[in-house]
Structure formats: C-alpha cells, structure tokens
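Breakdown of the fold
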Amino acid sequence: MSIFVYTENINGNYKKAAFEAVSYAKAIADKSGTDVVAVSINPADSADSLYKYGASKVISLKSEALKNFNAKAYAEALSSVVEGVVVLPHSTEASSVAPMLAVVKNAALITNAVAAPESVSPLQVKRKAFSGKAFMIAEATGENVIITVAQNSFGVKENPVSGTEETKEVSVSADGITVVNQEKASGKLDLKEAEIVVSAGRGMKGPENWGMIEDLANTLGAATACSKPVSDIGWRPHSEHVGQTGKAIAPNLYVAVGISGAIQHLAGVNSSKTIVVINNDAEAPFFKSADYGVVGDAFQIIPALTEKIKALKAH
C-alpha cells in the first residue's frame, strides 16, 4: 500500500513544509518497500516539484468549495482518496485537519514527529512531547495511521522520481461551519516557514523602535516575531506571536532581542537549531537556553550588528 502525504499550499503554491512532508513520507515508503502518493487541494504549482522529493504520483483535488480553508471540509476531501499511513505537515492548518481525518478514517494519530520511523512494523515514531521539552516513541499497531511532521525537524531531502498526475473533482459539505475572519500575516515571509527569525519583546520599549528589528530581519532575509506580551498590548500583530499559546517554530537561527525567556515562550522556540539571545539583563532566564548570548543594550547592539552584516554582504 502506498504512503500518502498531504502537500499543503498557499494560494496554490506549495509550502516548504509540503516538501518536508513528502521527504518524510518517502523515508517511510523506502522502509516499507512502497511508493509515495501526494495529495493537494487546488494546487497551482507543477507536480514536478513534488516528484523532486519522492512522490511518484500526485493527486490534485479540485473544488470551488475548498477555495477557503475549512478543516472539516479538507478532511472530508482528503478522506476520499487517502488510506493507510498518511503524512501531513504540523502546520497550523494541516494540524487541525489531521485529527478530523483520523476520526473519519478510524486511524491512530501521531503528532509532531521529528525523525523517520525507527520501525514500520509496528510503526514506531519519535515525536516531541510536553510542549517540546521531551521526546517519546509513539507506537501504532493498526493499518491506518495519521502522522504530522514537526516543521524544520526532518528536513527537505531531494529524492527525484518519475511520476504521474491525476486531477479529481470533489464534492464536500461545510455545513455548520462559518468562517468569521481570516487574518493574513503582514510579513514578507511565512513565520513558520522561515529559516531565520528575528524576535523581540518588551525590552524594545515601544512599537516605534521596531524599525531596527525589521532592518536586521531584512538584512538577514528573516521573518519577524514577538513575545506574547508584545502582541497582547498591540505593539505587533498576533500573527507574529511565538510561544506556547502562539506559533511554534523551528528555524535554523532564532535571534531573541529583549525577551526574558519565560518557559511559555521557550515552548514555542526551543526546537530552533541555534538560539542567539540579546538582553541587557545578565540574569535573564533565556541565556540558559541560548547557544550564544550577548549582554548589553539592544539599541546599540542591533544597529551595529546590522551594519556589520550589511558590510559583509557587500564584499
């Protein structure tokens, strides 16, 4: 039986998380001696980009009813074609589809997987637990298993195969669900997709000082983020809030400026590959979790750091 994977897209364009999910599904398929079938909803990108990472078949589900995201309707559409082991990204949208799909398919659900399965019979998967503070091995013994892959954990791995594409028109019902509001992030980069994130907290003293954070982020090609108190008081949009009650991210580099590092914030960023903390309080808890720490005035450090990086890039 094929390994199925949901390849999420934004306005028809495949997300990096979709390629990571295909890479993960390919790892399972190789261990199981089978192939990968990718399923997407209203894609615009070429299927070639999915063949590149190991999908030997791409099923495009088309429906005007699925133009706007609706977890229940998406789960219903996916359930019409997927079976057995199904891989999804652990993105905001896909992770809300996964439990609904698991109910429809009577499947086990393993979330936040961080490594390829240690065994496929039975299926044993390493996943994050306790808000990312620990790992555990989850085991599923049934045939139907839904797995969500923690973003930037497994990685995007090229494994080119030749493939075929199939388009299916689907009919779904969204009865009982009303879309009240859809907030679009204002940043140039999708925060959960970004390889580098520059984040700041109340140490910036006010929203009028965020220009230096955005300048550093633009210089690094990074997305911007913030702590919960900052979004709560309206300095930055809620779409930038990272932490236990905000977005959980796992960039290659996370730069935290003027953030104390409360455990609720750490829960959303502790999967970052490298953490750099800049704070004028040498006793800030965040330094205990940092790979690199700078004690000093951010209003002097950030502009100087930005200029140094610009100078390096100019050579």
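Our subject is the structure that appears above.
Values in this document were obtained by computation on a predicted structure and should not be read as measured data.

**A closer look at the pattern of salt bridges**
- Under the counting rule described, the total for this entry stands at 11 salt bridges.
- A salt bridge links E214 to R236; the shortest N-O distance between them is 3.2 Å. With E214 in helix α5 (residues 211–220) and R236 in the loop between α6 (228–232) and β15 (253–257), this residue pair connects regions lying 22 residues apart in the sequence.
- Note that K228 is salt-bridged to D232, the shortest N-O span being 2.7 Å.

**Comments concerning unusual backbone geometry**
- The amide bond that connects S121 to the next residue, P122, takes the cis arrangement and shows omega of 0°.
- By secondary structure assignment, the location of P122 is in the loop between β8 (119–120) and β9 (123–129).
- With phi around 50°, N11 is a residue other than glycine that occupies positive phi space.
- Tracing the chain through its elements places N11 in the loop between β2 (9–10) and β3 (13–14).
- The backbone phi angle of N152 is positive, close to 60°, even though this residue is not glycine.
- Looking at the secondary structure, you find N152 in the loop between β11 (145–149) and β12 (164–169).

**Examining the nonpolar core**
- Judged by nonpolar contacts, the single largest core of 31 residues is most densely connected at V5, Y24, L50, V87 and I147.
- With 8 residues, helix α1 (residues 16–32) is the largest single contributor of residues to this core.
- Setting aside chain neighbours within four positions, we find V5 in contact with A21, V22, A25, V36, V37, A38, V39 and V87.
- Judged by nonpolar contacts, the second largest core, of 28 residues, contains A75, A94, A102 and I146.

Reading the values: rules and limits
- Residues numbered from 1 in each chain as written.
- Predicted model: local features only at pLDDT ≥ 70, side-chain atom pairs only at ≥ 80, totals over all residues.
- Heavy atoms only, no water.
- Salt bridge = Lys/Arg side-chain N within 4 Å of Asp/Glu carboxyl O.
- Helix = DSSP H or I, 4+ residues; strand = E, 2+ residues; numbered from the N terminus.
- Core = buried A, V, L, I, M, F, W, Y, C linked by side-chain atoms within 4.5 Å.
- Buried < 20%, exposed > 50% of the residue type's maximum accessible area, 1.4 Å probe, protein only.
- Contact = heavy atoms within 4.5 Å.

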